[in-house]
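Examination of the molecular architecture
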Amino acid sequence: MTAISVNNVSKNFGETRALRAASLEANFGEIHAIVGENGSGKSTLAKIISGVVPADGGSVDVLGHSPSSPTEAIAIGVSTIFQEMMLAESLSIWENVFAGSDSFWKRSSSVADKKRRTKEILERLADCPIDPDWPVSSVPLSVKQWIVISRALLQKPKVLVFDESSAALDLEATSRLHHEMLALKADGTAVIIVTHRIAELVKFADQATVLRDGETVGQIGRADMTEENLLRLMSAKTDHSAKSDAKDRVAFGGGTPALRASNIALSTNGQSFNFQLFPGQIVGIAGLDGAGQAEFVRILAGIDKAPQGTVTVWDDKGDEHLVADLASAETNRIAYVSGDRKKEGIFANLSILENFGLALYGRYANKAGFIDRKALSEVFKKEKERLSIKFGRRSDKITTLSGGNQQKVLIARAFALNPRIIILNDPARGVDIGTKQDLYTHLRAFAAEGGAVIYLSTEIEEFFNFADRADVFFEGGLFASFDEDQIGEETILGAMFGQSEPVEMSEVLEQELPSETQLQAAAQ
Amino acid sequence: MEWPIPLENPETTMASQASLRKNLLSSDRKSLIIGIVLLAVLIGVASMSVDGFASTNNARSILLLASFLGLAALGQTLVATVGGLDLSIPFVIGASNILLAYLFGTSIPPALGIFIIAVLGAAIGALNGVLSYRLQGQALILTLGIGFSLVGAAQIFTTFGSQYSGTVFSQVPAWFSNISAINGKTLGMPFPPVVLIWAVVSAILIFWIHHNRAGRALYAVGNNRTAASVLSISEFKVWVSTYTVSGLTASITGMLLLGFSGGGFVGVGDPYLFTTVAAVVVGGTSLLGGSGGYGATIVGVLVLQVLTSFLVGLGLNYAAQQTVFGLLILPMVALYARAPHIRYQI
């Protein structure tokens, strides 16, 4: 029996199109997974089902309703476990578990009963003794996650929506949770789970809806559910074989590198790894959200400190220098461009020129700090032409520009620093296709002149025809590295999900063939 | 290659951008223009309804009082630009006022005494800066607390062996009185030197803010701390410097007020709690940081001072002035605060 029926739903957030044509059909007594790579819209789809965000278009039918708020969703029997931990830290555990269960005039059950049920469910879930009177602030992160989960479970939902794509649960906890979900399923609940962990998913999900670019590209039933099938559906079906024609192939590896990261670990006890970048090379960095790639590029740019390991660069004379902080990154001509323009890029109240100039005042000011406006203006004119930034007057506020042009100003600012290495942290986020193409052209030209580029992206397609190498992060470390001819949707996506072998059917067959012949030879 | 299809109808996007641009373009300039118009209207109305308002004498007294407020509000403007607030200003003014009067009564040379008080003011400012940086988001109550304890300590210190608390009598040197007395002369011209000092300081400050990288750093930090730190602009240095300047200008104001009144009185700074913040806001500098500037504050200072003079001219007593003043600030702020909210600007 159908519990949820979502048809052709679309959703835009400003310029970003999160969902285009997402559909999902889920029954009672079923564990239904929503999978897809970063930005495919899976969390948005889950939020639409739980009434957190309204759909822009299409039809939503959840238990015969179309919930327009989380409260309404709860009223009709939809519980949601949100990614963010929404807890009142100074209140006790039981108060948090039963938050929202009482009306202003009436209690849903007695305090003693609430405490008893809190203790019972949390000790089962968290597998450790719990006093329901403890303040939430006193318990570790993992227990907090369980509090959020038990809150949803105690509502006895008909539909449970769980977004675990960035949840703070370890493997063992996840399997305990999955056990809980199987119990819910047995009670006839429809369980919707958004997840990255496809390895476990194939073991317990009944159905999987696969999203790509905000579109449902397939629904896989229990019988066909394999990691290979899921990954294949997640990745685009387009042919990228023409890539080698587009660009002269250069072999990197000899000579002095531009940058080397040695024995880097992203957390104090994390796995350590090495990373190398050569002059003229463009290295793409990928990974699922939270796999460590963002932390890594920030360390290379000198913004954050590495918990372990060193970053070394070589100058024109071949001398070694350490990069330990922003100052040493600047003297060694490393420029950083953030894709999170709002948070760490633009200065919203300031003019276009000022946003450009703030990074350069150090170079275009005399000893007393007075700025050489004329020289700065020249550089601005040059970089503006180079990146073809479109704007009215340069004294206009930066916020009058489109996202793409704002990003261009930030990239112009990095280029104007005359860097040897340019590090871009997802610069194409929320940027139009024309700007993207321009950006690739400029970065290639920069590399052709001997510059080195580190390009983190959340969209794998960005690397095609562009990167000389793609390094993929998984669970806090560098997991796999692909040369230009190996870069493909399936190889990178597989590595992002922790698959050590590229999921290419032909390769699997090739590996098996010799063994068969060997067997035959042995038989004879 | 498969790319996401175009995002939105380009025409509507461009139209909304154009209207946005219209709103944003002039928000700084707009509040400045509103301020100047308001100032002109106030002067016009006051001149017509109050006899003697448009006299040289009255203009001189307005400018003199504006100089005090202008100098006190200088620090407040800088602090507001980086997104902070300094409520210790009135207390630093009061403390500097009585401490200098006290020092004038000792054998310490007057010039050295002035220097000591200026250093003390800057030190208090630096302390405000360091502590409010460490305890993020607590600048308001923290500066208030430091100001309170300073003014209390200054009273205890100056009243040893005296039965008067809060007032200190001593001989103020004539040359020092001349700087800020209503009948003071500037190189023979009939206005006190403090007006000229204020004008020169203002001109230097405005030029420096616009053309010096340290001046621009104030706006960078005020706009976006994270983005500024990525450009190796030290938020700590900027933050502490602005508070230091604020402490310094407050103590200078307190000392000049001693020259103005001739006797030390600890409560002399009290009106400046409200007026320094009001001058900044009326001028159009956002208390959220990152916009406005001292030029705007000068307009705000003049508006407030002309308004005060107008109310006095109408014969209102202090209580009535205060009531009208407080009520008038509401529509004024509403008028200025019409710059689009920050969330619509990003």
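Residues numbered from 1 in each chain as written. Chains lettered and ligands numbered in written order. Predicted model: local features only at pLDDT ≥ 70, side-chain atom pairs only at ≥ 80, totals over all residues. Heavy atoms only, no water.

This part is about the pattern of salt bridges. Residue and element names in this part refer to chain A. By the definition in use, this model includes 21 salt bridges over all chains. A salt bridge links Lys144 to Glu89; its shortest N-O distance comes to 3.3 Å. Here the residue Lys144 occupies a position in helix H5 (residues 141–153), and Glu89 occupies one in the loop between strand E5 (78–81) and helix H3 (93–97), the gap between them amounting to 55 residues. Residue class for Glu89 comes out partly exposed when judged on its relative accessible area of 36%. Among the charged side chains, a salt-bridge network with shared partners connects Asp113, Arg116 and Arg117. (Salt bridge = Lys/Arg side-chain N within 4 Å of Asp/Glu carboxyl O. Helix = DSSP H or I, 4+ residues; strand = E, 2+ residues; numbered from the N terminus. Buried < 20%, exposed > 50% of the residue type's maximum accessible area, 1.4 Å probe, protein only.)

Proteins that are soluble and globular tend to have nonpolar side chains buried together. Residue and element names in this part refer to chain A. Counting residues in hydrophobic clusters, the biggest one holds 184 residues, and the most contacted among them are Leu230, Tyr455 and Ile492. Not counting residues within four places of it along the chain, the set of residues in contact with Leu230 comprises Val35, Ile198, Leu201, Val202, Ala208, Val210, Ile220 and Met225. Counting residues in hydrophobic clusters, the runner-up holds 32 residues, among them Val297, Ile299, Ala301 and Ala329. (Core = buried A, V, L, I, M, F, W, Y, C linked by side-chain atoms within 4.5 Å. Contact = heavy atoms within 4.5 Å.)

All names here are of chain A. Taken in spatial order, the four strands make up an open sheet running E11-E10-E13-E14, and their pairing is antiparallel. Looking at strand neighbours, the two that pair on one side only are strand E11 (273–277) and strand E14 (320–322), the edges of this open sheet. Taken over all neighbouring pairs, the strand axes of this sheet differ in orientation by 20° on average, direction set aside. Two strands pair when backbone bridges link them, and strand E13 (residues 308–314) and E14 are joined in this way by three bridges, in the antiparallel orientation. Following the sheet pairing, Val313 is matched in E14 by His321. Packed onto the sheet, helix H10 (residues 293–300) meets strand E10 (259–265), E11 and E13 and runs at close to 130° relative to E10. (Pairing = 2+ DSSP bridges. Axes fitted to C-alpha atoms, helices over the stretch in contact; angles between N-to-C directions.)

Residues and elements named next belong to chain B. Scored by pLDDT, chain B has a mean of 85; 86% of the residues are at 70 or more. Note that residues 1–26 has pLDDT below 50 and, in this model, 30 contacts with residues that lie over four places away or in other chains. Reported confidence for the predicted complex is 0.80 by ipTM and 0.72 by pTM. (pLDDT = per-residue confidence, 0-100.)

This part is about the sheet that holds strand E18 (residues 469–474) of chain A. Residue and element names in this part refer to chain A. Ordered in space as E15-E16-E17-E12-E18-E19, the six strands form an open sheet in which the pairing is mixed. Each edge of the open sheet carries a strand with a single partner, namely strand E15 (334–338) and strand E19 (477–483). Direction aside, neighbouring strands of the sheet carry axes that sit 20° apart on average. Note: strand E12 (residues 282–287) against strand E17 (residues 452–456), four bridges, orientation parallel. By the bridge assignment, Ile285 is partnered in E17 with Leu456. Contacts from helix H17 (residues 489–496) reach E12, E18 and E19, with the element oriented near 25° to E18.

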